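Summary of the model geometry
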Amino acid sequence: MQVPAQFEYQRATSVEHAIALLNRHGPESRVVAGGHSLIPMMKLRLAQPEMLIDINDLTELAELHFQEGTLRLGALLRHADLLASPEVGLLCPMLHDAERVIADPVVRNRGTVGGSVCQADPSEDLSGAFCALRAVAVIRGCSNAGEAYTRTVPMREFFTGPYQTVVADAELLVELQVPIFPDAGSAYVKVDRRSGDWAVAAAAAVVRFDGDTVTDVGIGLTAVGARNFVALEAEEYLRGRAARAEHFAEAGRIAAEHCSPADDQRGPADYKRHLAGELTARALERAVARAGRGVKWRSR
Ligand SMILES: Cc1cc2nc3c(=O)[nH]c(=O)nc-3n(C[C@H](O)[C@H](O)[C@H](O)COP(=O)(O)OP(=O)(O)OC[C@H]3O[C@@H](n4cnc5c(N)ncnc54)[C@H](O)[C@@H]3O)c2cc1C
């Protein structure tokens, strides 16, 4: 049986308390949210924090609001609660697509949105989705002089490498903000080896139009080594073009060309590159269909 190394444990009673504890205990302390990534890593001794700071009592971080065109997701929002929200299904069906294929109900009942992005696993489904949506991370901390601060970071600048983010040792991710546009359509498609498994490859797309012309587009890629989880060159190609199948296929080809998948137990790099292209085209088609040419503002 795998057992974590010895550690101390404290429950934070407020965001300020959590940040104060992080400051006091330094880089050897870690926040625990759902624990679905951190605890297995501790059991394998890949992580050996000396102090665990439990944020599960911070219910203010588990809320979901739609305000002034922005969907605000607390960092402690459980996957299951995001999936259960009809508002999210209407406003941003891509997030329901992604949540539906994350693991199983046991993981979704406990795992959190914030824990997912802070874990920064290259195969995390929400990373590609939030980057496609141009979401913004809200991070709180406390300076050396003891002054509390809040900073915002676009999700496209949030990840600094595999399992690494811009969140500093003594900082807490508190919220993710997703801009919502009434004319947009969005979708997330994933290939996994069996239901609920980590992605072999996945693509996220959000598209806006003027008539038949694509005015703006976000394309996220998961598990295929795309820089910042984004298919930037494919986005550039599509912007200003007609929303047509051949353009989506070409965007997929460009996305595949610019990603760098690795050979691993989930499949060879060539196969993943092929999937990146195909899934990009499919996500775009589905997003466009949802933006008024079929399934309108409805999750499926
Ligand atoms: C069997 C299994 C299958 C899975 N399959 C998938 C899958 O198919 N797709 C997928 O996307 N995910 C999958 N997951 C991961 C799942 O989504 C987890 O919920 C997620 O990775 C971590 O969320 P958590 O709340 O459990 O985070 P934790 O394990 O509690 O924390 C993870 C990391 O984030 C840090 N952290 C957590 N919250 C904050 C915060 N607010 N501020 C700063 N740092 C923070 C922690 O210190 C830790 O370093 C799977 C997990 C398991 C166990």
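Residues numbered from 1 in each chain as written. Predicted model: local features only at pLDDT ≥ 70, side-chain atom pairs only at ≥ 80, totals over all residues. Heavy atoms only, no water.

The protein has the name Xanthine dehydrogenase family protein subunit M in an unreviewed UniProt entry, where Pseudonocardia alaniniphila is given as its organism.

**Looking at the overall build of the protein**
Scanning the protein for helices and strands turns up eleven helices and 13 strands. The C-alpha atoms of the protein give 19 Å as radius of gyration, which agrees with the globular expectation for 300 residues (19 Å, within 12%). Principal-axis analysis of the C-alpha atoms places the extent of the protein at approximately 55 × 45 × 35 Å. The buried share of the protein, taken over its 300 residues, is 51%. When the accessible area of the protein is evaluated, it comes to approximately 13600 Å², of which 49% is carbon and sulfur surface. (Helix = DSSP H or I, 4+ residues; strand = E, 2+ residues; numbered from the N terminus. Rg over C-alpha atoms; globule rule 2.2 N^0.38 Å. Buried < 20%, exposed > 50% of the residue type's maximum accessible area, 1.4 Å probe, protein only. Areas by Shrake-Rupley, 256 points an atom, 1.4 Å probe, with all protein chains shown as cover.)

**Observations regarding the sheet that holds strand β12 (residues 199-210)**
In spatial order, the strands read β11-β12-β13; together these three strands make up an open sheet with antiparallel pairing. Unpaired on one side and paired on the other, β11 (185-192) and β13 (213-222) mark the two borders of the sheet. Looking at each pair of strands side by side, their axes are set apart by 15° on average, direction ignored. Bridge analysis of β11 against β12 gives eight bridges, and the strand direction is antiparallel. Paired with Tyr188 across the two strands is Ala204, which belongs to β12. The strands touched by helix α5 (residues 93-100) are β11 and β12; relative to β11, the strand with the most contacts, the crossing angle is about 15°. (Pairing = 2+ DSSP bridges. Axes fitted to C-alpha atoms, helices over the stretch in contact; angles between N-to-C directions. Contact = heavy atoms within 4.5 Å.)

**Concerning the UniProt feature "domain: FAD-binding PCMH-type" (unreviewed entry) in the protein**
When the UniProt feature table is mapped onto this chain, "domain: FAD-binding PCMH-type" (unreviewed entry) is found at residues 2-183. Its end C-alpha atoms 50 Å apart, residues 2-183 is made of 32% helix and 26% strand. (UniProt positions renumbered as here; feature names shortened; annotations may be inferred.)

**What to know about the packing of aromatic side chains**
Considering all chains together, one arrives at two aromatic pairs under this definition. Between Phe158 and Phe159, the ring centres sit 5.1 Å apart and the planes meet at 80°, which makes this aromatic pair edge-to-face. Phe158 sits in the buried class, given a relative accessible area of 0%. Cation over ring: Arg208 sits above Phe181, and NZ or CZ is 3.9 Å from the ring centre. (Phe/Tyr/Trp six-rings, centres within 6.5 Å; stacked < 30°, edge-to-face > 60°. Lys NZ or Arg CZ within 6 Å of the ring centre and 35° of its normal.)

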